[in-house]
Amino acid sequence: MVYDMGYVMSEAELVAAATQLDKNGDGKITYNEFANWWKVGEDRFEALELSERVQAQWAQAIDFFKYYDKDLSGDIDPDEFKPVYKQLLDAGHKLGTLEQAIATLDTNGDHLISLNEYIGWLVKLGALSL
């Protein structure tokens, strides 16, 4: 839709846009969430654009996630999450036990951590900005 409306967005910008629109953080953009964004007016797409610096940060976070998503499913299962957990601990994030970390990031309760859940968590921590 973005492209059809004459805008080109990078992968990082698309993930950031989905994160921005998904106000309740459930990994889905509801009709109401979309409608509220649409009401912004003509500059709705410009409001989603990221600076080059922020885009680079998002791209790095996405690449990090993809590296551990071994089956490229878009989700990290608990086994794939173990090395992610270690990396996040080594980076100074306070996550509790492995199970607590999974529960924190798995906002929809499906026992998988999606890219959107991971990115949403980074945004909540302030590690990524919109």
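Anyway, here's the lowdown on the structure attached to this text.

### Observations concerning the environment of G109
Turning to its location among the elements, G109 is positioned in the loop between helix 5 (98–105) and strand 2 (113–114). Separated by 83 residues in the primary sequence, G109 and D26 have C-alpha atoms spaced 9.6 Å apart.

### Here's the deal with the packing of helix 4 (residues 78–90) against helix 5
Where helix 4 meets helix 5, the closest approach of the two axes is 11 Å, and the angle between their N-to-C directions is 105°. With respect to helix 5, the element helix 4 is oriented roughly perpendicular. Only L98, A101, I102 and L105 of helix 5 make contact with helix 4, whose side of the interface consists of P78, F81, K82 and Y85. Residues that form the contact of helix 4 with helix 5 fall into these classes: 7 nonpolar, no polar and 1 charged.

### Here's the deal with helix 4
If you check helix 4, its first and last C-alpha atoms are 18 Å apart, about what 13 residues at 1.5 Å a residue would give, namely 18 Å. Against helix 3 (52–68), strand 1 (75–76), helix 5, strand 2 and helix 6 (115–125) lie the buried residues of helix 4. For helix 4, the capping residue at the N-terminal end is D77, with a side-chain oxygen 2.9 Å from the backbone nitrogen of D79. Taken from the residues just after helix 4, G92 is the one with a positive phi, measuring 100°.

### Here's the deal with unusual backbone geometry
With a phi close to 55°, L72 is a non-glycine residue in the positive phi region. Here L72 shows up in the loop between helix 3 and strand 1. Note on L72: relative accessible area 67%, which makes it exposed. With a phi close to 70°, H111 is a non-glycine residue in the positive phi region.

### Some details on the side chain of E117
Mapped onto the secondary structure, E117 falls in helix 6. Look at E117: it is buried, it has no salt bridge, and the nearest opposite charge is K124 at 9.5 Å. With sequence-adjacent residues up to four places away left out, E117 is seen in contact with L105, D106, T107, N108 and L112.

### Here we look at the nonpolar core
Soluble globular proteins tend to pack their nonpolar side chains together in the buried interior. Ranked by internal contacts, the top residues of the largest apolar core, which has 26 residues, are W58, F81, Y118 and I119. Broken down by secondary-structure element, the contributors of at least two residues to this core are helix 1 (11–21), helix 3, helix 4, helix 5 and helix 6. Among the elements that make up this core, the one with the highest residue count is helix 3 (6 residues). Once residues lying within four places of it in the same chain are set aside, the contact partners of F81 are I76, L88, L98, A101, I102, L105 and I113. Of all hydrophobic cores here, the second largest spans 6 residues; its members include A17, L21, W37 and F45.

### Section: the pattern of salt bridges
As enumerated under the stated definition, the model contains 2 salt bridges in all. Ionic pairing is found between D79 and K82, a salt bridge with its closest N-O pair at 3.5 Å. Of this pair, D79 and K82 both sit in helix 4, separated by 3 residues, roughly a single helical turn. Among the residues examined, K82 registers a relative accessible area of 44% and is labelled partly exposed.

### Side note on the packing of aromatic side chains
Counted under the stated rule, the structure contains 9 aromatic pairs. Ring centres of F34 and W37 lie 5.5 Å apart, and the angle between their planes is 55°; on these two criteria the pair is classed as tilted. Here F34 and its partner W37 are both found in helix 2 (residues 31–38), 3 residues apart, which amounts to about one turn of the helix. Each ring, one from W37 and one from W38, has its centre 5.7 Å from the other, and the planes form 65°; the classification is edge-to-face. The partly exposed category is assigned to W38, whose relative accessible area is 31%. A network of ring pairs unites the aromatic residues F64, F65, Y67, Y68, Y118 and W121 as a single cluster. K70 extends its terminal NZ or CZ atom over the ring of Y67, reaching a point 4.2 Å from the ring centre.

Conventions we followed
- Residues numbered from 1 in each chain as written.
- Predicted model: local features only at pLDDT ≥ 70, side-chain atom pairs only at ≥ 80, totals over all residues.
- Heavy atoms only, no water.
- Helix = DSSP H or I, 4+ residues; strand = E, 2+ residues; numbered from the N terminus.
- Axes fitted to C-alpha atoms, helices over the stretch in contact; angles between N-to-C directions.
- Parallel < 35°, antiparallel > 145°, perpendicular 65-115°, else oblique.
- Contact = heavy atoms within 4.5 Å.
- Nonpolar A, V, L, I, M, F, W, Y, C, P; charged D, E, K, R; others polar.
- Expected span 1.5 Å × (residues − 1).
- Polar contact = N/O pair within 3.5 Å; in protein donor to acceptor, adjacent residues only side chain to side chain.
- Buried < 20%, exposed > 50% of the residue type's maximum accessible area, 1.4 Å probe, protein only.
- Lys, Arg positive; Asp, Glu negative; His and termini not counted.
- Salt bridge = Lys/Arg side-chain N within 4 Å of Asp/Glu carboxyl O.
- Core = buried A, V, L, I, M, F, W, Y, C linked by side-chain atoms within 4.5 Å.
- Phe/Tyr/Trp six-rings, centres within 6.5 Å; stacked < 30°, edge-to-face > 60°.
- Lys NZ or Arg CZ within 6 Å of the ring centre and 35° of its normal.

In short, the description is geometric, and any link to function would need to be established separately.
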